[in-house]
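Architecture at a glance
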Amino acid sequence: MPRLNAATRHRVAFTLNGKPVSLEAEPRLLATDALRHGLGATGTHVGCEHGVCGACTIQIDGQPARACLTLAVQLEGAAVTTVEGLAPERDRLSVMQAAFRRHHALQCGFCTAGILVSLDAYLREQPAPSEQELREVLSGHLCRCTGYTPIIRAALEAAACLRGEPLSQPSDREPAHV
Amino acid sequence: MKPAAFDYIRAGDLSEALDVLGRHGSDARIIAGGQSLLPMLNMRLAKPAVLIDIMGIAGLERVGREGDLIVVPAGVRQAALMKRPGLAGEQPLLAAALPWLGHYQTRARGTICGSAAHADPSAEIPLCLVALDGEVRLRSRRRRRSVSAADFFSGMMVTDKADDELIEAVAFPVAMTGTGYAFREVARRHGDFAIVGCAAVVTRDAVHLAVAGVADRPQRRSFPPLAGSALTDALNGFAWELDARDDFHATARLRRDLVRSLGQSTIGEAQRCLA
Amino acid sequence: MKIETISWTGQSLERVEDAALLTGRGRFIDDLGVRPGTLHAAILRSPHAHADILAVEVSAAAAMPGVAAVIIGRDLARLTTPMVAGLKVAVENWPMAVERVRYVGEPVAIVVARDRYLAEDALDAIEVEYGPLPCVVDPLASLQSDAPVLHDRAGGNLVSDRRFRYGDPEAAFADSAHRVEVTIAYPRNTGAPMETFGVVAEYDPHEDAYDILANFQGPFSIHAVLARSLKVPGNRLRLRMPPESGGSFGVKQGVAPYAVLIGVAARIAGAPVKWIEDRLEHLGAAVAATNRVTTLKAAVTADGRITALDWDQIEDCGAYPRAPEPATLYRMHGNMTGAYDIASIAIRNRVVLTNKAPTGLVRGFGGPQVYYALERLMQRIAVELELDPLAVIRTNLIPGGAFPYRTASGALYDSGDYVQAFDLALAEGRLADLEARRDAARAAGRRYGIGFAAVVEPSVSNMGYITTVLTAAERQKAGPKNGAQATATIALDPVGSVSVHVASVPQGQGHRTVLAQVVADVFGLPCEAIRVVVDLDTGKDAWSIASGNYSSRFAAAVAGAAHLAATRLRDKLAAIAGSQLGVEPAQIGFAGGAVFAKGDAARTLPFGRVAALSHWSPALLPAGVDQAIRETAFWTPPELSAPGEDDAVNSSLCHGFIFDMAGVEVDVETGKVRIDRYVTMHDCGRVLHPGMVEGQIRGGFAQGLGATLFEELAYADDGAFLTGTFADYLLPTATETPDIEVLHIETRSPFTPLGAKGVGEGNCMSTPVCLANAVADALGVAELKLPLTPARIAALVAAPEPALPETHRQRTGGLGAAKPGDRALRGQGQAEVAAAPDAVWAMLLDVDTLASIIPGCHGVSKLSETHFKADVTLGVGPVKGRYKAQIRLSDLDAPRAATLSGSVWGALGTGGGSGRVTLTPAGEGGTLVAYSYEAAVGGKVAAIGGRLLDGAARAIIGQFFAALARRASPARPGFIARMLGRRP
């Protein structure tokens, strides 16, 4: 049974966006700090450190997780995806990222990484979400700039695009109950 | 906002976890999904000396059936139970309550048993356990025992679990024929802790209403199928008995009012399921 | 060659900022590397609202591993001076408490350590002894003569009291057919950007210079304040800002005091120091908008025309009137008549201090407070005079042909057609449909209401408006302040590519994109050919005291300055090209990447060739052109003059117009408000980028929605801060924020280079009151208190509560409901024990017994017969903290009753309370121990665990009496033996 002593650093190895990585971490090191300052993956942002704002959302083995509520040592052996791993190539945008840019679904961009990571996980589960379902998924993220509407539009459009459908007109949508 | 230092143990099996827990008692905490514990660690509200991670223990992640019980072991994440095929038929109350539990992102990590262990008086899992008269299965090095939900939750974040025990599983009775179930909740925002949550279990002979968010733990009352003013009086009595308090999010008055109104509509919905 | 002319400005281009942000390559302050050896700071904060600092023991903390320095107020005071404030009062604005703390969350000590984790470990080891003082949190209470005074030398908490009079308000009120009045207590809220503050500071002892990187947003008037506080000339405070900032909404102005703190920490530690604020620190102590108590009266004619307003505003700036306060109170000074043509106003403005965090810039900056009162008043006029609310608004709107329009208090409204915008909003916003929805809902017995709000949105602040707080004579003495200097630099490099640099410090608004559009149009270049750099360094970039990202000044002022700089440079290029092509400069055109002679397509040069000429062949420059390499333009509008002798002030350059309309349905059972439809009409002058304008409006609406329904930085009467997490300070999420309808008309500003006005703050001003008006209409109530929480809404319409049924009376504790606003934790209970009252009494006075029954006790020492000291670990569930405790027994009535008072303090906060214990003989030799208590908890635990505190306190107090009962029961094996063993 591995017991990791509080005062010493321990090697933690996992895959980050498909590539094997490792770092030395005390048991208490948060995954946010490990990713950002240990591995230089600063795309994952820290907004509250108590699991509410969602800016630090990453995927652990394909499922969304608050990196601020995850210890680095808990990442051992996992497959971790962050915003840096969403685009198909370094100089391209993913379908969702491109839709965000088209719809002005970000302003300061601080919360955006977490939202993109959540949507990426969710659309794998539910490729044809309703507006209401998307709003519920997004309710796990705080955005202070956009008022959310452009994010919803971008997500609906990207989901349709990923399903191979032609882009729908805004008037086709049923308004969601909020 | 960084945690104080602790040792971290990745338990390979349950007996390892129980050994450590037995040695350290209240200085050790079990970590499963971490969705309640980590905020407390980050804020240094909790400073355990040892964290015991049980998520690597094989077998704890599978929901099982034991007769009329849905048995949810300690490693089952909330999202996993929510996605269980046929859950809405198997236990409609759980299927109705789970989407209210936090958010998509926290349900993907948080566990059912972790929510029970945390014993927040507003939380949905303790409410469902109490409403359904479910059980909490505790285990220490020395013994295993099963406690009824009503006895397990003893106060605000206080439970019957001893320091050397962990929750091995919780068990929810499956839906019975001739029984209606309903869940309703009022919170300030979607995904927030309930101001009041109500779970009703209704048969032709009896009404059981459990309420979260008002007393220091979920509370259940049972009464015969009443209507009209008799029901109103019963709910009014229940509302007062819960000794509601003001806090920053709601007044005691609103909480009592919601027990009366939301209680009634939840019972009504459960009765309609029955019809 | 065919020249294609494209106008980039006005198009919703994709933003140049976005690709980096979307792929995780943003460069926010915490994403940037630091120098090797950089240390990390954590800040210890006051758990008390008001207390003297009696002693600070830092030696244990300083000796901890990795700790480089522990800094307290005394150290700060040695190296700095207090920050200069706008008010001339005897208040020392220290960024960290020196001898006294005045709000919960005030910095008390800084630990600098190898990493943040170690720094926080050391914070827990600092012991501060406080002498608690009475506190005041309510601005009206703060004015009372017996109120605790925050700053003794100021003599009281009222630090400014000014009266203004414009027109003839007395006559208007004397002649008025009606007087209508509203009183408003506007709550505290904040912008809550998703990125918190960050500072990285370094000090050079040889040059006595600070180099400080901070996600500051301006106004750069603060630079002067910081330099003076650090006791260096401005050129020895190099303030740098990172390329990206994660939102601000005004709030990041508040990082300024931390520039001083971390600067000093770096100086003392002898190494670069980095500090990233955490969310608890941010909510508790970053920047709050002011809370304000306003009484507003109107003199009204029989047909609803307002002839005068009388404002009485009491502004609560918290514990320190920190610069630029009291600007929140004066920013609206010119437009206190809103969108209405009102000739006379009286204003009394008072500024008070209370034991709450200092206030500062928050989006809307003074507008929400003013328009909440003004537009609630408009609705009340309609209700009280039984007029159509729309008719009252329309009657009073400034007429279309009146622009530029001078208000009674001195603003010059640049442009607008309010009546047209209003009429269009009602038509395109489908008022008739909204009314039909209301009527149908009401017919079905539901509570549906419609609200309106008309708002003038000021932008591009006059640097001089703040001086309106001074009298004309004081202003005379200090010298006039005015203007709104904006600056931009355009540079051409040796291959002729164009760079733009501005001091606009964007916080996510997309300045780089808009500047590229504006400059590309001037040079006839593709938009993507322009590179814009927005990170700022006060050590080498062009800036002015008015620079920064505030008062919605980008589109109107900064983009205009960039246009000006680009135009000057283009004119030089035209001269160069003219000399090359042999035509008059006036005949030179710029389009499609070419510079050409108009009407002669053969005479064309590539833009790059002309643009690079100054680098390669300066000898070819025509007469009168010195260089065409770099052009820095400064621009300030002449309309922004200093306040006059008569206190009239044109407080802002631009004035947009908003008319909002909302339909809401209120569920009286749950107290929740559902927004059925929301329409917002804007006139923000020329729209430079429609997508960004819409983004500003939607974002402003969401913040306004939060202010209306969810957000409050709440304090208890005892000064405890209650909303320290995002679980208590509630921001609207996607499930609470509806889609809205945005409408526009465009009347261009004649005062700005591009005809644009600000648009970013308007909905923070209009939305709260529009929604409140709709809720008031739905419920038929006159008074509403924001935020409209479920409990408040339900209370507005609640019928008398059904009483506790007779049959249940036996079964409850019979506790009355607490008084509203009273946060004391109360409880009572009883336990029957199998020992006589004498024996129980002896136990209560016995050290060993106390040690065994006090929950989590590590030992008790006796200070006197009735005074004990203990070390305890308290908590419920996993929440545990170690505290020092004192327990006193008083009002002794042996062996029948005693009062137990206790106080505890520790890293998680403080608590205190008292309880009366009565012992009554019961059963055979037994005792009924009954107790009632009242307790209050403060500090960190109150700010982050308020929802759970009551239950936790009850559990802990219950544990004490349960232990007493167990201990007293002779039935417990070993009890007698233990007692005998200890007391032979």
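Residues numbered from 1 in each chain as written. Chains lettered and ligands numbered in written order. Predicted model: local features only at pLDDT ≥ 70, side-chain atom pairs only at ≥ 80, totals over all residues. Heavy atoms only, no water.

**Let's talk about the domain arrangement of chain B**
Residue and element names in this part refer to chain B. Domain annotation of chain B identifies domain 1 (7-53), domain 2 (64-173) and domain 3 (180-274). Using C-alpha coordinates to define each centre, domain 2 is positioned 20 Å away from domain 3. Taken residue by residue, the interface counts 24 residues in domain 2 and 22 residues in domain 3. If you look at where domain 2 meets domain 3, you find six residue pairs in polar contact (both at pLDDT 80 or more). Within the residue set of the side of domain 2 that touches domain 3, elements represented by two or more residues are α5 (92-97), α8 (124-132) and β8 (153-155). When residues of the side of domain 2 that touches domain 3 are assigned to their parent elements, the largest contribution, six residues, is made by α8. Split by residue class, the side of domain 2 that touches domain 3 holds 15 nonpolar, six polar and three charged. (Domains from an automatic or database assignment. Contact = heavy atoms within 4.5 Å. Polar contact = N/O pair within 3.5 Å; in protein donor to acceptor, adjacent residues only side chain to side chain. Helix = DSSP H or I, 4+ residues; strand = E, 2+ residues; numbered from the N terminus. Nonpolar A, V, L, I, M, F, W, Y, C, P; charged D, E, K, R; others polar.)

**Focus on helix α17 (residues 554-581) of chain C**
The buried count for α17 of chain C comes to 21 of 28 residues, which makes it a mostly enclosed element. Trailing α17 of chain C by a residue or two, Gly582 of chain C shows a phi angle of about 75 degrees, which is positive. (Buried < 20%, exposed > 50% of the residue type's maximum accessible area, 1.4 Å probe, protein only.)

**Focus on the pattern of salt bridges**
Residue and element names in this part refer to chain C. Counted under the stated rule, the structure contains 89 salt bridges over all chains. With a shortest N-O distance of 2.8 Å, Arg35 and Glu202 are connected by a salt bridge. Separated by 167 residues along the polypeptide, Arg35 in the loop between α1 (18-22) and β1 (39-45) and Glu202 in strand β9 (residues 198-204) bring together distant segments of the chain. With relative accessibility at 25%, the residue Glu202 sits in the partly exposed group. Residues Arg437 and Asp676 are paired through a salt bridge, measuring 2.5 Å at the closest nitrogen-oxygen approach. In this pair, Arg437 is assigned in helix α14 (residues 431-443) and Asp676 in strand β28 (residues 672-683), connecting sequence segments 239 residues apart. The buried category is assigned to Asp676, whose relative accessible area is 15%. (Salt bridge = Lys/Arg side-chain N within 4 Å of Asp/Glu carboxyl O.)

**Considerations on the sheet that holds strand β7 (residues 144-148) of chain B**
Neighbouring strands of a sheet are bound in pairs by backbone hydrogen bonds; such pairs are parallel or else antiparallel. Residue and element names in this part refer to chain B. Strand order in this open sheet of five strands is β4-β5-β10-β6-β7, and the pairing throughout is antiparallel. Looking at the sheet topology across the chains shown, the edges are occupied by β4 (64-66) and β7. Direction aside, the axes of adjacent strands within the sheet are offset by 30 degrees on average. On top of the sheet, α8 reaches β6 (135-139) and β10 (166-173); it is set at about 55 degrees to β10, its chief contact. (Pairing = 2+ DSSP bridges. Axes fitted to C-alpha atoms, helices over the stretch in contact; angles between N-to-C directions.)

**Structural notes on the interface of chain A and chain B**
In this assembly, 37 residues from chain A lie in contact with 36 residues from chain B. Roughly 3,200 Å² is buried in total at the junction of chain A and chain B, and carbon and sulfur atoms are behind 54% of that figure. Where chain A touches chain B, the interface holds four salt bridges. Lys2 of chain B is the salt-bridge partner of Glu49 of chain A, the closest N and O atoms lying 2.7 Å from each other. Here chain A and chain B share 17 residue pairs in polar contact (both at pLDDT 80 or more) between them. Put simply, the parts of the chain that give the side of chain A that touches chain B at least two residues each are β1 (3-4), β4 (57-60), β5 (63-66), α3 (112-125) and α4 (131-138) of chain A. Taken together, the residues of the side of chain A that touches chain B break down into 18 nonpolar, eleven polar and eight charged. Sheet topology note: the β1 of chain A/strand β1 (residues 7-10) of chain B ladder contains two bridges and is antiparallel. Across the sheet, residue Arg3 of chain A finds its bridge partner in β1 of chain B, namely Ile9 of chain B. (Buried area = accessible area lost by both parts, 1.4 Å probe.)

**Looking at the interface of chain C and chain A**
Tallying the contact residues gives 56 residues for chain C and 52 residues for chain A. Broken down residue by residue, the surface that chain C buries against chain A is led by Leu22, Tyr117 and Met194 of chain C, which jointly contribute 19%. Connecting chain C to chain A are seven salt bridges. We note a salt bridge from Asp30 of chain C to Arg36 of chain A, for which the minimum N-O separation is 3.0 Å. Along the contact surface separating chain C from chain A lie 21 residue pairs in polar contact (both at pLDDT 80 or more). Contributing elements (two or more residues each) for the side of chain C that touches chain A: α1, α4 (116-123) and α19 (690-709) of chain C. It is α19 of chain C that provides the largest number of residues to the side of chain C that touches chain A, a total of eight residues. Per-class residue counts for the side of chain C that touches chain A are 18 nonpolar, 21 polar and 17 charged.

**Some points on the pairing of strand β15 (residues 344-352) of chain C**
Along a regular strand, successive side chains alternate from one face of the sheet to the other. Residue and element names in this part refer to chain C. Buried residues dominate β15, accounting for nine of its nine residues. Residues Ser344, Ala346, Arg348, Arg350 and Val352 of β15 are buried on one face, and the alternating residues Ile345, Ile347, Asn349 and Val351, pointing to the opposite face, are buried as well. Pairing of strand β7 (residues 158-166) with β15, which is carried by eight bridges, proceeds in the antiparallel orientation. Note that in β15 the partner of Tyr166 across the bridge is Ile345.

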